[in-house]
Amino acid sequence: MTHRRRVMITALVFLLPTIVGTLIFRLIPIGWSFVLSFYQWKVFDTATFVGWDNYAHIFRSPISLGVFVNSAVFSLIYVVGSVVLALVLAVVLNNGLRSSAFFRGAFFMPFITATVAITLAWRWIFSTRFGVLNNILMGLGVDNPPAWLADPTWALPAVALVSIWKDVGFYMILLLAGLQTIDPTLYQAARVDGAGPVQRFWKVTVPLLTRSLFFVLIIAIVRSTQTFEITYALTNGGPNGASTTLAFFVYQKAFVDFDVGYAAALSYIMCVILGLLTLVNFYFRRRWVHE
Amino acid sequence: MNRAYYWLVFALSIPAFLWLVPTLWMVSLSFQPNEVLARTTSTTLFGLIPIPFTAENYAALFSFGQTPWWFLNSVIVSLGMTLGVLAVSTTAGYALARLDFPGKTAITIVCLIGLMVPEQAVFIPLYTMFADLGWHNSYHALILPRMAVPIGVFLMMQFFRAIPKDIEEAARLDGVGWLKIFWHVMLPLARPAMMTLAILTFLYAWNDYLWPLVSAQQREYFTITLGLASIQSNFAQSEGLGRVMASGVIASLPVVILFLIFQRYVVQAMTVGGSKG
């Protein structure tokens, strides 16, 4: 056997599981999903081709339009809240705290604990009669605290709050990594030139951190569109759909209502939105990031 | 300087406490009797200190109910996935980084596209595919689809690229075959990257919820997070609160311990991702 052939056979054997896996579990399903989105198909029933009907219905139904609004509100609260908080924490921790390992661990801990498990604790915190939050609020003299998870106004912000709480440590670690690549002499130079801490933050830290910031921003946006477990365990999308966001709606349509074609169309819209957001992100990234 | 330092620590302690307190509550409530919790949860310090103390919630979980079995399922699935991802990613990563063969670019692109496909979009077809094959409610249904994680391939590829070429060239001149080079030279060198990948995969597998939820409908194949959610809906919020919290602690404990032991590797992995972005 020639050397070339031996290399080729080794490569084939080494890559086969990855190629087969990517094909079977990623690429074929995404193609199939596209086909499904043009059918009306309730599982255990025959599928009928309906053209663009699923898509048309999605954009006309008040329920799915409400879900889009919820998703946008959720993403906005989540992305802004978690990225800003993570940035503040990362900058503070980066300024030479001796006990920073403890703080890093404290903020990162929620990210690794089992989502469903820790959401149960939050459910109790938020619960109307037994909840510790309302106990504290009433102790502080608030007479009629909201029912939080059972209140249509507060359910979605509550889900966003728990999501921020869970993920902020992850973004903080990513930003800390970015901060550590900034040359400390730049801060010394800025200090010599008479820049205060606020000026140093805006003129040195932020411009040099844009690369990491955009990376974190992309991840946060993607994660915000995929939120599922916290919604599932905290509010189950309720009350009356008030906290249902897109990914959760896809799940409900597919695995609760068994309306597979409709769910496939929804998931495709989700893909397109995600793709557009990524493109926008890349556009701004190219304009603003200092390489 | 010194005073500013203590102010900073103090200022950070407040959010750090808020970040830790839900977990502390979960632990503390799990050690309190359900009868007491059903009456009031404003026990000692809003329930933060477990008085009266009991371990009966844990005893109950492990005596009846399928918690030990679900726990074992989670261990099997998470370990199976971790080993699978390691095997698939190291071999593919090595081939893409070090072997020259036609079609290499095409394969890299295919993997990249696979990387960008969001999970929610492949869920429904995967579900129907596995249903047609009659594969649901099995360990391979829980493990196999989660093994196609192109991110692992990229992580290993980057790592192998960074290893100097002379090391394997020396071995090749001695007439050592590819497999032996891979096994005896490259893998030992890649141990740190493999550790990182293994821990991240294990964490992901243990906490994973959506796929087990749709794939495992029989209670024997529930993972611990699934089982946990199923008990939670059986207990009214106030009645079995202690037991629900105990199951939460049990579900979280392995990953928390793993994180505390291997914190260095986890943080390192995040750092690699962050600077490569």
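In this text the structure is predicted, and so the values were computed from the model without any measurement.

### Structural notes on the overall build of chain B
Along chain B, the regular secondary structure elements total 14 helices and 0 strands. Ordered by position from N to C terminus, the α and β elements of chain B give α-α-α-α-α-α-α-α-α-α-α-α-α-α. Going through the 277 residues of chain B one by one, you find that 43% of them count as buried. Expressed as a percentage of contacts within chain B between residues at least 6 apart in sequence, the contacts between residues at least 24 apart total 74%.

### Regarding the overall build of chain A
The helix and strand inventory of chain A stands at 12 helices and 2 strands. Put simply, chain A runs from its N terminus to its C terminus through helices and strands in the order α-β-β-α-α-α-α-α-α-α-α-α-α-α. Reported as C-alpha extents along the three principal axes, the dimensions of chain A are approximately 80 × 75 × 35 Å. Sorting the 291 residues of chain A into buried and exposed places 43% on the buried side. Looking at chain A alone, contacts between residues at least 24 apart form 70% of all its contacts between residues at least 6 apart.

### Some remarks on unusual backbone geometry
What is expected of a backbone is that most residues other than glycine have negative phi and most peptide bonds are trans. All names here are of chain A. Of note in the backbone geometry, Trp148 takes a positive phi value of approximately 45° without being a glycine. Tracing the sequence through the fold places Trp148 in the loop between helix H6 (132-139) and helix H7 (155-179). Residue classification places Trp148 among the buried positions, given that 23 C-beta atoms sit within 10 Å. Positive phi values are uncommon outside glycine, yet Phe258 reaches one of about 55°. When you line up the elements, Phe258 lands in the loop between helix H11 (246-256) and helix H12 (260-288).

### Topic: the confidence of the model for chain B
All names here are of chain B. Confidence along chain B averages 80 in pLDDT terms, with 88% of residues attaining 70 or more. Across chain B, the element-wise mean pLDDT spans from 70 in helix H2 (residues 34-39) up to 91 in helix H4 (residues 67-98). Two numbers describe this predicted complex: its pTM, 0.86, and its ipTM, 0.81.

### Some points on the interface of chain B and chain A
At the junction of the two partners, chain B supplies 70 residues and chain A supplies 71 residues. At 16 residues, the largest contribution of residues to the side of chain B that touches chain A is made by helix H14 (residues 241-276) of chain B. Its residues placed into classes, the side of chain B that touches chain A shows 49 nonpolar, 20 polar and 1 charged.

### Considerations on the packing of helix H5 (residues 115-126) of chain A against helix H1 (residues 2-30) of chain B
Two numbers describe how H5(A) lies on H1(B): the axes approach to 9 Å, and their chain directions differ by 90°. Classified by the angle between their axes, H5(A) and H1(B) sit roughly perpendicular to one another. Residues Ile118(A), Ala121(A), Trp122(A) and Ile125(A) of H5(A) form the contact with H1(B), whose own contacting residues are Pro22(B), Thr23(B), Trp25(B) and Met26(B). The residue makeup of the contact of H5(A) with H1(B), split by class, is 7 nonpolar, 1 polar and no charged.

### Details of the environment of Arg6(A)
The residue Arg6(A) is located in helix H1 (residues 3-36) in this model. Of the residues examined, Arg6(A) has 13 C-beta atoms within 10 Å and is grouped as partly exposed.

### Some points on helix H9 (residues 197-225) of chain A
In this model, H9(A) (29 residues) spans only 35 Å end to end at C-alpha, well below the 42 Å of a helix rising 1.5 Å per residue. Here H9(A) has its buried residues at Thr205(A), Leu209(A), Ser212(A), Leu213(A), Phe215(A), Val216(A), Ile219(A), Ala220(A), Ile221(A), Ser224(A) and Thr225(A).

### A word on the packing of H1(A) against H4(B)
It is at 8 Å that the axes of H1(A) and H4(B) come closest, and there the two elements cross at 120°. As the angle between them shows, H1(A) and H4(B) are arranged oblique. Crossing angle aside, the handedness with which H1(A) passes H4(B) is left-handed. Contacts from Ala11(A), Phe14(A), Leu15(A), Pro17(A), Thr18(A) and Gly21(A) in H1(A) reach Val88(B), Thr91(B), Ala92(B), Tyr94(B) and Ala95(B) in H4(B). Along the lines of polarity and charge, the residues of the contact of H1(A) with H4(B) split into 8 nonpolar, 3 polar and no charged.

### Points about the nonpolar core
All names here are of chain A. Core analysis: the biggest nonpolar cluster contains 156 residues, and Ala86, Tyr171, Met172, Leu175 and Val216 have the highest contact counts within it. For this core, the element with the highest residue contribution is H7, accounting for 17 residues. If we skip the residues at most four places from it in the chain, Val216 touches Val83, Ala86, Tyr171, Leu174 and Leu175.

### Some points on the environment of Gly80(B)
All names here are of chain B. Its place among the elements puts Gly80 in helix H4. For Gly80, a count of 18 C-beta atoms within 10 Å translates into the label partly exposed. The spatial distance from the C-alpha of Gly80 to the C-alpha of Tyr139 is 8.9 Å, given a sequence separation of 59 residues. Each residue touching Gly80, except ones within four places of it in the same chain, is listed here: Tyr139 and Ile143.

Cut-off values and rules
Residues numbered from 1 in each chain as written. Chains lettered and ligands numbered in written order. Predicted model: local features only at pLDDT ≥ 70, side-chain atom pairs only at ≥ 80, totals over all residues. Helix = DSSP H or I, 4+ residues; strand = E, 2+ residues; numbered from the N terminus. Buried ≥ 20, exposed ≤ 12 C-beta atoms within 10 Å, placed from the backbone. Contact = placed C-beta atoms within 7 Å. pLDDT = per-residue confidence, 0-100. Nonpolar A, V, L, I, M, F, W, Y, C, P; charged D, E, K, R; others polar. Axes fitted to C-alpha atoms, helices over the stretch in contact; angles between N-to-C directions. Parallel < 35°, antiparallel > 145°, perpendicular 65-115°, else oblique. Expected span 1.5 Å × (residues − 1). Left-handed = near helix turned anticlockwise from the far one by under 90°. Core = buried A, V, L, I, M, F, W, Y, C linked by C-beta atoms within 7 Å.

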